[in-house]
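# Per-entry structural report
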Amino acid sequence: MTCQMTCQMTCAIADPGSHSVLPSIIGTGSGDPYPLYEWLRAQRPLWRDASGVWLASSHALVTRILDDARFSARPPPGAQPLDDPLGYTNMVVFETGEAHERLRRLLAPLFSRKALLSLQAFIDGEVARLLDQCEALPRFDLVAHIASVLPVRTICRLLGFPDAHGASYLQASTGAWQLISGAPMSAEERTLAAVQTETFIGNVDAFLREVDPDAAPDQAASRFLRLEQEGGIGRREMLVNVLFLFIAGYGTTLLSIGNSIAALLRAPHAWQALVDDTSLVSQAVRELYRYDPAVQSVFRYAWDDVEIDGCRIRRGESVMPLIGAANRDPTVFAAPDEIRFEREAARALTFGAGPHSCMGVALARMQLESLLRALLRRMPELRLAPGWQPRQQHGSFHGYDRLIVER
Ligand code: HEM
C-alpha cells in the first residue's frame with residue numbers, strides 16, 4: 001500500500017480523462033515527432049499515457065527496458081494473447097528465452113562477417129545499376145528508384161532467393177506487420193493483408209521445394225532445409241522467420257535511406273562536407289541513423305511487476321521504448337537536433353539493444369554507405385526538388401513515401 005501511494009505521488013500518471021498522445025506516436029500522418037518526445041521527457045521520462053501504455057523517452061530508460069528480459073514483445077502467459085491465427089508470433093522478435101536463442105543461432109550465419117563481405121560487390125553493383133538509370137533524369141524519386149529496390153534485392157541475395165516477386169515483398173511485409181501489431185485496419189484491409197502475406201509465404205515455400213539442400217550447401221535456403229531435416233526447425237516456423245527477415249530488413253532500410261539522404265540534403269553544409277571528404281562517410285552514416293531513425297519505437301509487455309524510476313509497471317502492462325526520443329536525449333547527445341559527424345553516435349539505439357538487438361545492422365550500414373559514396377561521387381550537386389513532401393508516419397515506422405531530388 002505504501003508503495004502504491006508513493007507511486008501515485010511520484011509518477012506522472014496521466015489523468016484518465018486527459019488526451020492520449022499515443023495516436024501522435026504510432027499514428028499515420030506527417031507530424032514531426034521530436035517536439036512531442038522532448039515534451040514527454042520534460043514531463044517524466046517514464047510516462048503513463050492516458051491509453052494505459054507506458055512511454056519511455058530517455059536514453060537510460062529505453063536502454064534499460066530493452067535490456068531487461070522481463071519485458072517481451074509477446075504478452076505474458078495467461079494474459080490475452082496477440083491475435084495471431086496464422087502463427088506469425090513464431091518470429092524471432094516475439095520469442096523469449098531458449099526459443100529466442102535457438103532462432104538467433106539459426107539466423108546468425110546469414111550475418112557472419114564472411115557472408116556480409118561476399119555481398120559488398122553485389123550491393124555496389126546494384127547501386128551503380130540503379131544510379132545509371134537515374135543519371136539521365138533531371139529529377140527522380142529516390143525512394144521509388146533506389147530505396148525501395150536496393151534492400152529487397154539485397155535480402156534476396158542474402159537468402160539466395162529469386163527476386164521475381166520483389167514488388168510483393170514490401171506489401172507482404174507491411175501487411176504482416178499490420179496484422180501482428182494490431183494496427184487499426186478495416187475488415188477488407190485485414191483480409192487483403194492476410195492474402196498478401198500468405199501469397200508471399202506460398203512463394204517462398206514453392207521456391208524451397210525446388211532447392212536441393214546439398215547442391216549449394218552454403219546458401220541460406222539449403223541451410224534452412226538441412227535444419228528442417230534434422231528437426232531443428234519446422235516448415236511454418238522457417239517460413240514466418242524468412243518473412244520476418246523481409247519485415248525487419250526491407251521497410252526499415254528503405255525508410256532509413258530516405259530519412260538519411262533527406263536529412264543530409266536539408267543540411268547542405270553537411271552534404272558539402274561529405275562531397276569534400278568522402279572518408280567521413282562511415283561516421284556520417286552512424287550519425288544519420290541516430291538523427292532520424294526509421295523505427296521510432298518498439299513495443300513490450302511486462303512479464304512481471306517491475307519497479308522502474310519510482311513507478312511500478314504491472315505484469316501484462318505494455319511499454320513503448322521510444323527509440324526516436326532516446327536518440328535525441330540531450331544528456332547523451334549534445335545538441336541532439338543537429339547533425340554532427342564527429343559525435344560519438346555509437347550509443348544511438350536505432351537498432352535496438354539487449355537480447356533482440358538488430359541482426360542486420362551491418363547489412364543496413366553497408367547499403368547506405370555504398371549508396372552515399374556513389375551519390376557523392378556521381379551526383380555531387382544533388383538537392384531536394386522544390387515541393388518535396390514531408391516524411392510520413394506508418395505506425396512505429398517513419399520515413400518518406402516519395403523523395404523527389406534533382407541535380
Ligand atoms: C536501417 C535498417 C534497420 C533498422 C532501423 C532496424 C532496426 C531494428 C530494431 C529497432 C530492432 C529491434 C526490435 C525490437 O527490439 O523489438 C531490430 C531487430 C531485428 N532486425 Fe533490424 N533493422 C534494420 C535492418 C535490418 C536488416 C537489413 C535485417 C536483416 C535482413 C534486420 C534483421 C533484424 C532481425 C532478425 C531482428 C530481430 C532480432 C531479435 O529479435 O533477436 N534488420 N531491427
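First, a word on what this report is: a plain description of the structure on this page. (Residues numbered from 1 in each chain as written. Predicted model: local features only at pLDDT ≥ 70, side-chain atom pairs only at ≥ 80, totals over all residues. Heavy atoms only, no water.)

## Some remarks on the overall build of the protein chain
When helices and strands are counted, the protein chain shows 16 helices and 13 strands. For 407 residues, the compact-globule estimate of 2.2 N^0.38 gives 22 Å, and the protein chain sits close to it at 22 Å. Over its C-alpha atoms, taken along the principal directions, the protein chain stretches across nearly 70 × 55 × 40 Å. Sequence-distant contacts in the protein chain: of pairs separated by 6 or more residues, those separated by 24 or more amount to 72%. For the protein chain, the accessible area works out to roughly 17,900 Å², and carbon and sulfur atoms hold 54% of it. Taking the average location of the 40 positive side-chain charges in the protein chain and that of its 46 negative ones, the two points are 2 Å from each other. (Helix = DSSP H or I, 4+ residues; strand = E, 2+ residues; numbered from the N terminus. Rg over C-alpha atoms; globule rule 2.2 N^0.38 Å. Contact = heavy atoms within 4.5 Å. Areas by Shrake-Rupley, 256 points an atom, 1.4 Å probe, with all protein chains shown as cover. Lys, Arg positive; Asp, Glu negative; His and termini not counted. Charge placed at Lys NZ, Arg CZ, Asp CG, Glu CD.)

## Some words on the site of the ligand
Not every one of the 27 residues close to the ligand is listed here, only the nearest: His 100, Arg 104, Arg 300, His 356 and Cys 358. Between Arg 104 and the ligand, the recorded distance is 2.7 Å, taken from a side-chain N or O atom to an oxygen atom. For the ligand, a nitrogen atom lies 3.4 Å from a polar atom in the backbone of Ala 248. Residue assignment for the shell around the ligand shows that the elements contributing at least two residues are α5 (97–107) and α12 (235–265). For the shell around the ligand, the element with the most residues is α12, which contributes seven residues. Partitioned by chemical class, the residues of the shell around the ligand number 15 nonpolar, ten polar and two charged. (Near = heavy atom within 4 Å. Polar contact = N/O pair within 3.5 Å; in protein donor to acceptor, adjacent residues only side chain to side chain. Nonpolar A, V, L, I, M, F, W, Y, C, P; charged D, E, K, R; others polar.)

## Things to note about the packing of aromatic side chains
Following the criterion strictly, the structure yields seven aromatic pairs and no others. Ring centres of Tyr 34 and Tyr 37 lie 5.7 Å apart, and the angle between their planes is 80°; this geometry places the pair in the edge-to-face category. A residue pair is termed a helical-turn pair when its members lie 3 or 4 positions apart in one helix, as Tyr 34 and Tyr 37 do in helix α3 (residues 34–43) at three residues. Here Tyr 34 matches Tyr 37 in class, with each residue buried. Ring geometry for Trp 39 and Trp 47: centres 5.6 Å apart, planes at 70°, overall edge-to-face. One cation-aromatic arrangement involves Arg 328 over Tyr 34; the distance from NZ or CZ to the ring centre is 3.7 Å. (Phe/Tyr/Trp six-rings, centres within 6.5 Å; stacked < 30°, edge-to-face > 60°. Buried < 20%, exposed > 50% of the residue type's maximum accessible area, 1.4 Å probe, protein only. Lys NZ or Arg CZ within 6 Å of the ring centre and 35° of its normal.)

## Brief notes about the packing of helix α8 (residues 150–159) against α12
Contact pair α8 / α12: the axes reach a minimum separation of 8 Å and the direction vectors enclose 145°. Like other packed secondary-structure pairs, α8 and α12 cross with a definite hand, here right-handed. Listed contacts from α12 to Leu 150, Pro 151, Val 152, Ile 155, Cys 156 and Leu 159 of α8 are Val 242, Leu 245, Phe 246, Gly 249, Tyr 250, Thr 253, Leu 254 and Ile 257. The class makeup of the residues in the contact of α8 with α12 is twelve nonpolar, two polar and no charged. (Axes fitted to C-alpha atoms, helices over the stretch in contact; angles between N-to-C directions. Left-handed = near helix turned anticlockwise from the far one by under 90°.)

## Some details on the layout of surface pockets
In this structure, the second largest pocket encloses a volume near 370 Å³. In terms of lining, the second largest pocket is formed by 15 residues, of which the most central are Ala 115, Ser 118, Leu 158, Asp 218 and Arg 223. Listed by contribution, the elements that provide at least two residues to the lining of the second largest pocket are α6 (113–135), α8 and α11 (220–229). Looking at which element gives the most residues to the lining of the second largest pocket, the answer is α6, with four residues. Among the residues making up the lining of the second largest pocket, the classes are represented as seven nonpolar, four polar and four charged. (1 Å grid on protein atoms, 1.4 Å probe; cavity = no way out; pocket = protein on both sides within 12 Å on 5 of 7 lines; lining within 4 Å. Points joined across faces, edges and corners; volume = space filled by probe spheres on them.)

## Considering the pattern of salt bridges
Per the stated rule, a full pass over the model turns up 24 salt bridges. Taking the shortest distance from any N to any O, the salt bridge between Arg 102 and Glu 237 comes out at 2.6 Å. With a gap of 135 residues between them, Arg 102 in helix α5 and Glu 237 in helix α12 connect regions that are remote in the sequence. Of the residues examined, Arg 102 reaches a relative accessible area of 26% and is grouped as partly exposed. By relative accessible area, Glu 237 is classed as buried at 14%. Among the salt bridges present, the one from Arg 139 reaches Glu 406, with a minimum N-O distance of 3.1 Å. (Salt bridge = Lys/Arg side-chain N within 4 Å of Asp/Glu carboxyl O.)

## Here we look at the pairing of strand β9 (residues 318–321)
Of the two faces of β9, both are covered, the one formed by Ser 318 and Met 320 as well as the one formed by Val 319 and Pro 321. For strand β3 (residues 54–56) and β9, the ladder comprises three bridges, and the chain directions are parallel. Following the sheet pairing, Ala 56 is matched in β9 by Pro 321. In the sheet, strand β6 (residues 300–302) pairs with β9 via two bridges, with the strands oriented antiparallel. The residue of β9 that forms the bridge with Tyr 301 is Ser 318. (Pairing = 2+ DSSP bridges.)

## Side note on the sheet that holds strand β5 (residues 139–141)
Strand order in this open sheet of three strands is β5-β13-β10, and the pairing throughout is antiparallel. A single partner strand is all that each edge strand has here, and the edge strands are β5 and β10 (383–384). Pairing geometry for β10 and strand β13 (residues 404–406), over two bridges, is antiparallel. Bridged to Leu 384 within β13 is Val 405.

## Comments concerning α5
All of the buried residues in α5 are His 100, Leu 103, Leu 106 and Leu 107. The buried residues of α5 occupy an angular sector of 125° when the element is viewed end-on, so they sit on one face. Packing partners of the buried residues in α5 comprise α11 and α12. (Arc of directions from axis to C-beta.)

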